[in-house]
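As a plain string of letters, each chain reads:
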Amino acid sequence: MGIVGHHPETGVRIDVERPGAGGPPWRYEGEAVTPSERFQVAALIGEDGAVSVELQTGAPAGLAEKARLLVRTAWKHAR
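Report follows, based on the coordinates. (Residues numbered from 1 in each chain as written. Predicted model: local features only at pLDDT ≥ 70, side-chain atom pairs only at ≥ 80, totals over all residues. Heavy atoms only, no water.)

Thoughts on the sheet that holds strand S4 (residues 51-55)
Pairing within the open sheet is antiparallel, and its 4 strands lie in the order S1-S2-S3-S4. Each edge of the open sheet carries a strand with a single partner, namely strand S1 (13-17) and S4. Each strand axis lies, on average, 25 degrees off the axis of its neighbour in the sheet, ignoring direction. (Pairing = 2+ DSSP bridges. Helix = DSSP H or I, 4+ residues; strand = E, 2+ residues; numbered from the N terminus. Axes fitted to C-alpha atoms, helices over the stretch in contact; angles between N-to-C directions.)

Comments concerning the pairing of S4
Sheet topology note: the strand S3 (residues 38-45)/S4 ladder contains 5 bridges and is antiparallel. Residue pairing across strands places Ala43 opposite Val53, the latter belonging to S4. Count of turn residues in the S3/S4 antiparallel hairpin: 5 residues, of which Gly49 carries a positive phi of about 90 degrees.

With respect to the pattern of salt bridges
In total, this model carries 4 salt bridges according to the counting rule given. Where Glu29 meets Arg27, a salt bridge forms, and the shortest distance between an N and an O atom there is 2.8 Å. According to the relative accessible area criterion, Glu29 is partly exposed, its value standing at 45%. The structure contains a network of salt bridges with shared partners spanning Arg27, Glu29 and Glu54. (Salt bridge = Lys/Arg side-chain N within 4 Å of Asp/Glu carboxyl O. Buried < 20%, exposed > 50% of the residue type's maximum accessible area, 1.4 Å probe, protein only.)

Section: the nonpolar core
Grouped together as the largest cluster of nonpolar side chains are 7 residues: Trp26, Tyr28, Ala43, Ile45, Val51, Val71 and Trp75. Mapped by element, the contributors of at least two residues to this core are strand S2 (26-33), S3 and helix H1 (63-78). Residue contacts for Ile45: discarding those within four places in its chain leaves Pro25, Trp26, Tyr28, Ala50, Val51, Val71 and Trp75. Residues Val12, Ala32, Leu63 and Ala67 belong to the second largest nonpolar core, which totals 6 residues. (Core = buried A, V, L, I, M, F, W, Y, C linked by side-chain atoms within 4.5 Å. Contact = heavy atoms within 4.5 Å.)

Written out as structure tokens, the structure reads:
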């Protein structure tokens, strides 16, 4: 089933993308979407798989770590 609605019912949805060209480090930009808000997010992935995340000011505590773990998991599965 596809995603229904603009916000998840619980948790966080990450929607990021990067330009097709270029090599490590890869920079992804997009949004981290919670049940009530949207926050701009950027993730930087190094050649070794290290992921760092920058979130828009005012994001809830812990959201950066959740976003980092989701991006890292997606990167590992894409390899």
